[in-house]
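What the coordinates show
One letter stands for each residue in the lines below.
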Number of protein chains: 6
Amino acid sequence: MRSRIATDIDFERDGRQTSFLRLPHSSDTSGYGWIPIPVACLRNGTGPTLLLVGGNHGDEYEGQIAIAELIRDLDLATLSGRIIALPAANFPAVMAGRRLSPIDAGNLNRSFPGDVNGTPTRAIAHFIETELLPIADVLLDLHSGGASMIYLPTALARHTNDAKRAAGLEALLRVFAAPVSVFGSPAGAREDRTLEAASERCGVLNLGIELGGGAWVTPAALAVARRGVRRVMRHMGLVAQADDAPATQMMALDSDDCFVFASEWGLFEPIVDLGAEVAAGQAIGRLHCVETPWRAPKTELFRAAGRLVCLRARGRVDRGDCLGHVVTPRG
Amino acid sequence: MRSRIATDIDFERDGRQTSFLRLPHSSDTSGYGWIPIPVACLRNGTGPTLLLVGGNHGDEYEGQIAIAELIRDLDLATLSGRIIALPAANFPAVMAGRRLSPIDAGNLNRSFPGDVNGTPTRAIAHFIETELLPIADVLLDLHSGGASMIYLPTALARHTNDAKRAAGLEALLRVFAAPVSVFGSPAGAREDRTLEAASERCGVLNLGIELGGGAWVTPAALAVARRGVRRVMRHMGLVAQADDAPATQMMALDSDDCFVFASEWGLFEPIVDLGAEVAAGQAIGRLHCVETPWRAPKTELFRAAGRLVCLRARGRVDRGDCLGHVVTPRG
Amino acid sequence: MRSRIATDIDFERDGRQTSFLRLPHSSDTSGYGWIPIPVACLRNGTGPTLLLVGGNHGDEYEGQIAIAELIRDLDLATLSGRIIALPAANFPAVMAGRRLSPIDAGNLNRSFPGDVNGTPTRAIAHFIETELLPIADVLLDLHSGGASMIYLPTALARHTNDAKRAAGLEALLRVFAAPVSVFGSPAGAREDRTLEAASERCGVLNLGIELGGGAWVTPAALAVARRGVRRVMRHMGLVAQADDAPATQMMALDSDDCFVFASEWGLFEPIVDLGAEVAAGQAIGRLHCVETPWRAPKTELFRAAGRLVCLRARGRVDRGDCLGHVVTPRG
Amino acid sequence: MRSRIATDIDFERDGRQTSFLRLPHSSDTSGYGWIPIPVACLRNGTGPTLLLVGGNHGDEYEGQIAIAELIRDLDLATLSGRIIALPAANFPAVMAGRRLSPIDAGNLNRSFPGDVNGTPTRAIAHFIETELLPIADVLLDLHSGGASMIYLPTALARHTNDAKRAAGLEALLRVFAAPVSVFGSPAGAREDRTLEAASERCGVLNLGIELGGGAWVTPAALAVARRGVRRVMRHMGLVAQADDAPATQMMALDSDDCFVFASEWGLFEPIVDLGAEVAAGQAIGRLHCVETPWRAPKTELFRAAGRLVCLRARGRVDRGDCLGHVVTPRG
Amino acid sequence: MRSRIATDIDFERDGRQTSFLRLPHSSDTSGYGWIPIPVACLRNGTGPTLLLVGGNHGDEYEGQIAIAELIRDLDLATLSGRIIALPAANFPAVMAGRRLSPIDAGNLNRSFPGDVNGTPTRAIAHFIETELLPIADVLLDLHSGGASMIYLPTALARHTNDAKRAAGLEALLRVFAAPVSVFGSPAGAREDRTLEAASERCGVLNLGIELGGGAWVTPAALAVARRGVRRVMRHMGLVAQADDAPATQMMALDSDDCFVFASEWGLFEPIVDLGAEVAAGQAIGRLHCVETPWRAPKTELFRAAGRLVCLRARGRVDRGDCLGHVVTPRG
Amino acid sequence: MRSRIATDIDFERDGRQTSFLRLPHSSDTSGYGWIPIPVACLRNGTGPTLLLVGGNHGDEYEGQIAIAELIRDLDLATLSGRIIALPAANFPAVMAGRRLSPIDAGNLNRSFPGDVNGTPTRAIAHFIETELLPIADVLLDLHSGGASMIYLPTALARHTNDAKRAAGLEALLRVFAAPVSVFGSPAGAREDRTLEAASERCGVLNLGIELGGGAWVTPAALAVARRGVRRVMRHMGLVAQADDAPATQMMALDSDDCFVFASEWGLFEPIVDLGAEVAAGQAIGRLHCVETPWRAPKTELFRAAGRLVCLRARGRVDRGDCLGHVVTPRG
């Protein structure tokens, strides 16, 4: 069934169009209203289509900023093809600055393929998978660690058994040139509710970019986003110019053991720094019992050696919360 | 009137005592209960008294950790005098990991002199001002920027016209040896509801230490806390040993113009790094309008030159939120 | 699967029966309880069945009152046939005086065909579609603008390509004789989750009546409801007597352009009155920026000419909220 | 003690100044922030001072709009004196569109004389009473019935035993020329927590204007506000021009019996129209029991004859809610 | 200052009057409303005054029921004197079935002497202390353990150094004849915010009766309430007839050690029954760690011997919650 | 599709393994976390499998305690076979001490067969039905009346037309030897969303045990749980020893008339005791109108004779809440 989301953007028209996806939503204070999800289409002539998504999670900000800049600033005369920009994809979550939508507690990145009659988050997923992905060639989905995690800027591609697709993804990783690049593990390939899974279903080459996190923005992470997006645009032939970048560090994420999870409730004290090379069995940090501070803290250990690219960015933790993860040299 | 908060700690007894301040609190689920605020008294013989406070704000963690360590690890045989440790002062806020108490929305550091019959936050303030400060010589109140701000580790003392007190505070600042030290401005002296105002009323030398922030802990900020507390203990004669430290940078905080506040609602992109030297009129960052991303962002400017020691650590901002503040060379 | 909702009403029995639909619902405070949705069956001999629904949205009150009166006051000796009365259809929403159910945030009028195992709102929709509509001939679904909108009393029928059904609906509109009558557009025919869509699926002639709104009741709107229901009863042969009424104004609702939506967040000042004839391009009102009152307000314009039958009834608006809609002369 | 609220407006300077009252407020998401309450000072030469207050209650909108217009549009060359404009006095309530502040549930109009250390609502009251009223001659406090009531536009003055003040107030009522004018009863004089009580304490002539209500705006009520404010400006000598107006109906409000309160919980159906002349013992409306609709509704009666100037504007009522009030001919 | 609470009850008039205390309270949904606290005055001729209070805590039900019965059923011809009945004293809490008021989180029994301008709970306390206690001779304040505790029915009187008052209270205890009677300890005499402290300030003889608890009603506890109230009425000369009762067990409550508090968070398993005679050091129960069920539970011990008259009635406990208390033989 | 819930328990390995079901759950404070549901596998050699479930509802505590004890204390040397223990099945509900999960308002016992992609409660149901039931022979699902009801300890089996299964269930009932045993009615057989329905789908013999209730634990109810579980273990051949027990009273639950539901909102006063033998038409209790206490209460009647094994354990009731139920002699 066709999405109930409407827009007055004509994706087949040249020019810089900015408007909204109008998602019908009835509430106690608005019987006939719609949720206004900003969207832009920048097109000049024929050429490939790049879909840029920010705000997949509402508390991840670099993509929201970098994509908005591009909407405002890109000189259309330099463009050959089309850019569809969705800088605040889960709009209610974006306005709240939260990972999940405050309307339906929905995690957009676990909502694909969505539902035409579902809650707003699921309706957005359905629109992306049925209306936007089918007309895209490449998707860059700009994430960060959000409020709970902080990343060393890292680009990730999803494992595929399709050699051609794998080559395309690896090329994209090298072009984007984040400080670290990672191919997701076969295990992760099982998750079919993400935007990257949707992209694969639609034959769209997709990178997920983890830029920074901690619920704020750093100039450094934002610079990685700007440069990488532009480099992919050049790679696709959309523009002629882009900045040089140092080569990325190609890594793997092959095992659940790369992740460390809290074994208790408490206050987390990390004792390694983001970006460090760590050994299996080394301590990532300690969990303190602030309600009974004379009790010894619990030390939490890495289960695998590698480079620490993601670290918990909130002091209070619950058992089961991720404390960080490493990536490993590519085999 | 005497506080209704009870404890079985005997502050006049030698030894390592750990227990709770029992704050009576009746709720729908506990008619006769009390809130258990952890407290410790470490005493060996006669000598001065150091009062250590953490968790004045519940989302500021370095003090909670460093004071708990000291409770557990200090060798009493090396101690000459008394340490009273209150690592989770606004306990309901600490357990929630929030600045304010979830019970009464109380900001402990704006609640002094408190109220014997007031809400829990005010009752805690009353207890500290009437029971703990009168038996203390020095207070270290360990803060950070909490969930909303992040600091370069900075120690602060409150302006006083009393030359002897000023000398004592300046000595403490140099001993604590945070990377940056600041004397508060005469303007700030007007605020009489803080723990530092209460300390001055009680004749207790007090430093407020801003360690890190962003709702998490860094090894570096924690190291400053540990070292500084120990150095103050040696300075007071409580212990004989402490680590050396580089000299602190003595700065001033003389003007409201040192602070930058958001002039709009939006998503904050900082464009300088914490610790930078900045000029008046220079941009601290931009506020983005993510709901209408094709609108130009608003650039926010520093009003005074100085060193940026505090920066907003959350992307979403409301008009009136602090974006950062500088400190200035001491005149 | 058969609905889990039970009732002790026997719809095949003569007399005035009043009781509840018992919707099983387990909560923290009631393990084995049910939600008591009032229902009545008034029957005397054989004859057609009129289903009266109020409280489809909980903040729409005329139907709740008019149907309850009829339950209490109708002289069964004058009745030939059956009236099934559901004056508080989404009962949790009705008790809360809200559009949506406070239990599941469900909008009953977007929940058809419902779900036998779904949340309460969906279970109610399922019961109506599977148990009540199959035994009804005509449905009057009494709405108003609710808390967010206010209507000039207007009866609406849904477009159909079935000429016989269209004739039946047009007759009903003329009989009900609201001040304004409207046939919905082909576009609207796509919405299949409403009670009117369910009625069409079940072959039941259905009018939706928009009476007043603004979260309260006016004597004038209520009088339209009372008179119209009685006139439809006479039209169906259920009773012999009903009051005369002036002819209704037959209008169309052919285009999305009949609706005006807020293009910004702000405080809405309407500058036309409900019921006015307006031109395309004319202003409906202004959106004020009360947080920065020295900024100029935004003027919002009608996109189509017609009669303004629905106007926003709350000052604060979000972008995307409906500000009003016109109806147009029937082509 | 002096208010902690600061502003960069210089009330002694000529010109059109627009800025904010900066009310310090610390929250979990903003440690050092302030609440930005818009304020303007329009001054040209010497002359009297008119203080205009809107948003005393956040869900009362005509004053917010009319005062903002005046800030934007008044030609300062035509002004002789000073206007201090506070269009959104309880700013957190205004932004929420609620009567009470969402921060502290404060009703500004029951918070005077306020508290320098109190919650935001009380701090605002303190600022108005200690900083603004002392420099004002006349105060117009623009209200409406808010979300719960709707008024026929009515101006009210508070009873005083001071004959000169009474004469000044009566003159103001006639100048403002609302359709109805009322002097409050001696009984009401007991309430000392309102802005009008504060005005009397400060020797400021004050009218409270009840414009419309129901949580929205009507062109008619707004026109009364605009015209009346301008007429008072002319009366004070601030401007030379203003529109004519029909004479107001001078009425009294002498007895608690003028008010009708709900004796039960239920759904309110009014059966008289706003503005009607009613008799004691006449019914104002009925309370319906929608959960048991076959029960007879409760009829509620007027206790005094008079003109109905205020009527409940929400269907759901609790026992004790006001259903309306009359005013009586002046004895 | 005189209370703002009004009532149309004339306490000096004979007869059975039932009405409301009208507590002015403005909310977002009711600008001019009042909270309707039920009250009754039963009077026949001259004689003493008994004040009956139920619903001091909203989740304590026996008093609410027993006092309502007496309002309905007492034969005034048999009465010599006056009964003032306040069966739902903290009315918002009573309607919510919660200990504390949902409006202001107020615990009425820690709110005396109240505040004429305070929140509803404090305004009620002020009314009782300034309007009702001054005209009463005896007060029976009917409590239970509420949602969190369950009692063996026990009557309590507050320690006094006034021998005449002590004799009056002891006589009342023997007359009420609860299964257990207790004189409060000198320590408890310090609490001055309770209704019993207010009673003593006003020279009113007062018993607090703890009937059952656990958030429900038992026939047995209710029977104790009915019989005891009637026996006190006979004792005061208000009525001639009352039922016999077995002698009460006179006990003491001399020490904080009579109370057992949870030393951890967890799930409480009591291992003694209410009413048991227990020894110091005996276990009252265990606290289970359900999130890590393979950890050993914590056993909690009685600190004093005595009879267990109060036991925790909720499984989940927080550190500091009361698990039960004993009473001890009277010395 | 295979459950996304993982565990490191190897159900095919001998020994006492304790760990967690790791249910992936992303929240605003934990992007990559999982919910840690405790689970244990106790196995020694070959033999049958007993699945023990507690915390199906979070406010039912005996099972949580009894199963945890067994995990800790069972001597594996005495075991022949396997016990899979899930003492806190709906873990979020268990931690909150609520019937329903605070995350999704899910009632686990109405969530089968669950949904691999559903909310946490539905994902748990899916795991139990697809991973645990297929490897079990017998299931004991330990319930109580929770916060809203209190039971005389009663074991229940679900009606089946399969004579062999019926015999197996009846034997289990006699072995468990609760004071009362009940076979569910044919009517109840229609409910297919319970754990017992899932058990039947999987061919697992299942008893549901209702132990006590009222949101707390009694020693007596816990003793029934311990003894019954052990006796079933002996019956299955898992252990050789168990305690004797008096014969259970075998009863039926044949009719909806066994249940009494509140016909009004109010305060419930039961007038019979749990365990009583009652007659049809006898009163179970009264509903009091505490807001208008001079109104007569409503008496509620039993509709069927039998033994009262379940009684409402909260004073405040809504219309439709269950007040209690009887069981009847087996026909």
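Here the structure is a predicted model, which means the values were calculated and not measured.

**Looking at the interface of chain C and chain D**
Bring the parts together and some accessible area is lost; that lost area is often taken as the interface size. Each side of the interface is counted separately: chain C has 46 residues, and chain D has 46 residues. Buried area between chain C and chain D, summed over both chains or domains, comes out near 3500 Å², and the portion from carbon and sulfur atoms is 69%. Its largest share of buried area at the contact with chain D, chain C owes to Arg72, Trp216 and Trp294 of chain C, together 20% of the area lost on that side. The salt bridge involving Glu269 of chain D is made with Arg226 of chain C; its shortest N-O contact spans 2.9 Å. Where chain C meets chain D, there are 8 residue pairs in polar contact (both at pLDDT 80 or more). Per-element tally for the side of chain C that touches chain D: the top contributor is helix H1 (residues 62–73) of chain C, with 6 residues. Per-class residue counts for the side of chain C that touches chain D are 29 nonpolar, 7 polar and 10 charged.

**Quick look at the relation of the copies chain B and chain A**
Superposing chain B onto chain A takes a rotation of 180° combined with a translation of 0.0 Å along the rotation axis, leaving an RMSD of 0.0 Å. When the rotation and shift are considered jointly, the pair of chain copies conforms to a two-fold rotation axis. Taking C-alpha positions as reference, the residue of chain B nearest the rotation axis is Gly214 of chain B, located at 3.7 Å. A symmetric contact is evident, with 100% of the interface residues of chain B recurring at the interface of chain A.

**What to know about H1 of chain C**
The end-to-end C-alpha distance of H1 of chain C is 16 Å, a good match for the 16 Å that 12 residues give at a rise of 1.5 Å each. Within H1 of chain C, 11 of the 12 residues are buried, which leaves the element mostly enclosed by the surrounding structure.

**Things to note about the domain arrangement of chain A**
Residues and elements named next belong to chain A. For chain A, the assigned domains are domain 1 (15–252) and domain 2 (256–329). The C-alpha-based centres of domain 1 and domain 2 are spaced at 29 Å. Contact residues are listed per partner, giving 13 residues for domain 1 and 17 residues for domain 2. When domain 1 packs against domain 2, the two sides together hide about 1300 Å² of surface, and 65% of this comes from carbon and sulfur.

**Regarding the relation of the copies chain C and chain D**
Both copies of the chain are related through a single rotation about an axis accompanied by a shift along the same axis. Of the two same-sequence chains, chain C is brought onto chain D (RMSD 0.0 Å, axial shift 0.0 Å) by a rotation of 180°. Counting the interface residues of chain C, we find that 100% of their copies in chain D are interface residues as well, pointing to one common contact surface.

**Quick word on the pairing of strand S10 (residues 249–253) of chain A**
All names here are of chain A. Counted residue by residue, S10 has 4 buried out of 5 residues, so it is predominantly covered. Bridge count for strand S8 (residues 180–184) against S10 is 5 bridges, and the pairing is parallel. Bridge pairing in S10 places Phe183 opposite Ala252. Bridge analysis of S10 against strand S18 (residues 322–329) gives 2 bridges, and the strand direction is antiparallel. Bridging from a neighbouring strand, Met251 pairs with Pro329 of S18.

**So, the interface of chain B and chain A**
Contacts between chain B and chain A engage 46 residues on the former and 46 residues on the latter. At the boundary of chain B with chain A, total buried surface from both sides reaches about 3500 Å², with 69% on carbon and sulfur atoms. Its largest share of buried area at the contact with chain A, chain B owes to Arg72, Trp216 and Trp294 of chain B, together 20% of the area lost on that side. Linking Arg286 of chain A and Glu69 of chain B is a salt bridge whose minimum nitrogen-to-oxygen distance equals 2.6 Å. At the boundary of chain B with chain A, the tally comes to 8 residue pairs in polar contact (both at pLDDT 80 or more). Those elements that provide at least two residues to the side of chain B that touches chain A are strand S1 (15–24), strand S2 (34–44), helix H1 (62–73), helix H2 (91–96), helix H6 (219–236), strand S12 (266–270) and strand S14 (283–288) of chain B. Top element by residues in the side of chain B that touches chain A is H1 of chain B. It accounts for 6 residues. Residue classes in the side of chain B that touches chain A are distributed as 29 nonpolar, 7 polar and 10 charged.

**Regarding the pairing of strand S2 (residues 34–44) of chain A**
Residue and element names in this part refer to chain A. Within S2, 10 of the 11 residues are buried, which leaves the element mostly enclosed by the surrounding structure. Across 10 bridges, the pairing between strand S1 (residues 15–24) and S2 is antiparallel. When the bridges of S2 are listed, Phe20 appears paired with Pro38. Relative to strand S4 (residues 81–86), S2 is paired through 5 bridges, and the arrangement is antiparallel. When the sheet's bridge partners are listed, Arg43 is paired in S4 with Arg82.

**Topic: the sheet that holds strand S15 (residues 298–301) of chain C**
Strand pairing in a sheet takes place through backbone hydrogen bonds and is either antiparallel or parallel in direction. Pairing in this open sheet of 4 strands is antiparallel, and the strands run S15-S14-S12-S17 (chain C) from one edge to the other. Of all strands in the sheet, those with a lone pairing partner are S15 and strand S17 (316–317) of chain C, marking the two edges.

**Some remarks on empty space enclosed by the protein**
Residue and element names in this part refer to chain E. Under the criterion given, the structure shown has 5 cavities of 30 Å³ or more. No other element matches helix H1 (residues 62–73), which puts 4 residues into the lining of the largest cavity. Split by residue class, the lining of the largest cavity holds 7 nonpolar, 2 polar and 2 charged.

**A few points about the side chain of Thr292 of chain F**
Examined against the element boundaries, Thr292 of chain F turns out to sit in the loop between strand S14 (283–288) and strand S15 (298–301). Reaching out from Thr292 of chain F, the side chain makes a polar contact with the side chain of Arg319 of chain D at a distance of 2.7 Å.

**A closer look at the sheet that holds strand S15 (residues 298–301) of chain E**
Residues and elements named next belong to chain E. Ordered by their spatial adjacency, 4 strands build an open sheet running S15-S14-S12-S17, and the pairing between neighbours is antiparallel. The sheet terminates laterally at S15 and strand S17 (316–317), the two strands that pair on one side only. Sheet analysis places strand S14 (residues 283–288) next to S15, joined by 4 bridges and oriented antiparallel. Directly across from Arg286, in S15, lies its bridge partner Thr299.

**Looking at the pattern of salt bridges**
All chains considered together, the criterion is met by 132 salt bridges over all chains. A salt bridge links Arg4 of chain E to Glu191 of chain D; the nearest nitrogen and oxygen atoms lie 3.5 Å apart. Linking Arg4 of chain E in the segment before strand S1 (15–24) with Glu191 of chain D in the loop between strand S8 (180–184) and helix H5 (195–201), this pair reaches from one chain into another. An identical accessibility class is assigned to Arg4 of chain E and Glu191 of chain D; each is buried. Among the salt bridges present, the one from Glu264 of chain F reaches Arg295 of chain D, with a minimum N-O distance of 2.4 Å.

**Concerning the packing of aromatic side chains**
Counted according to the given criterion, the structure contains 21 aromatic pairs over all chains. Relative to Trp216 of chain B, the ring of Trp216 of chain A has its centre 5.2 Å away and its plane inclined at 5°; by these criteria the two rings are stacked. Taken together, the residues span two chains, with Trp216 of chain A in the loop between strand S9 (205–210) and helix H6 (219–236) and Trp216 of chain B in the loop between strand S9 (205–210) and H6. Of the residues examined, Trp216 of chain A reaches a relative accessible area of 12% and is grouped as buried. One aromatic cluster is present, formed by Trp34 of chain A together with Phe259 and Phe261 of chain C through successive ring pairs.

Reading the values: the criteria
Counting from 1, residues in each chain are numbered in the order their sequence is written. A letter from A marks each chain and a number from 1 marks each ligand, given out in the order of writing. Side-chain atom pairs in this predicted model are given and counted only at pLDDT of 80 or more, local residue features only at pLDDT of at least 70, and totals for whole chains, interfaces and linings cover all residues. Neither water nor hydrogens contribute to the side-chain values; these are computed over all heavy atoms in the structure. Contacts are assigned to residue pairs with any non-hydrogen atoms lying within 4.5 Å of each other. We define buried area as the total accessible area lost by two parts upon association, computed with a 1.4 Å probe and summed across both. Salt bridges, as used here, are contacts in which a Lys or Arg side-chain nitrogen is within 4 Å of a carboxyl oxygen on Asp or Glu. In protein, a polar contact means a hydrogen-donor-capable atom and an acceptor-capable atom, both N or O and within 3.5 Å, with residues adjacent in sequence counting only if both atoms are side-chain atoms; elsewhere, any N or O pair within 3.5 Å suffices. Going along the chain from the N terminus, every DSSP run of H or I of four or more residues is numbered as a helix, and every run of E of two or more is numbered as a strand. Residue type decides the class: Asp, Glu, Lys and Arg count as charged, Ala, Val, Leu, Ile, Met, Phe, Trp, Tyr, Cys and Pro as nonpolar, and the leftover types, Gly among them, as polar. Alignment of copies: least-squares fit on C-alpha atoms of residues with pLDDT of at least 70 in both copies. A helix is expected to span 1.5 Å multiplied by its residue count minus one. Under the scheme applied here, a residue whose accessible area is under 20% of the maximum for its type counts as buried, over 50% as exposed, and between as partly exposed, the area being computed with a 1.4 Å probe on protein chains only. Each domain's limits were defined by an automated method or a database of domain assignments. Here a strand pair is declared whenever DSSP counts at least two bridges between the two strands. Cavities and pockets were defined on a 1 Å grid built over protein atoms only: a cavity is a set of grid points that admits a 1.4 Å probe from which the probe cannot escape, a pocket is an open set flanked by protein on both sides within 12 Å along at least five of seven lines, and lining residues are those with an atom within 4 Å of any such point. Grid points are joined across faces, edges and corners, and a volume is the space filled by probe spheres set on the points. Pairing of aromatic rings covers Phe, Tyr and Trp, the last counted by its six-membered ring, and requires centre-to-centre distances within 6.5 Å; plane angles under 30 degrees mean stacked, over 60 mean edge-to-face, and any other angle means tilted.

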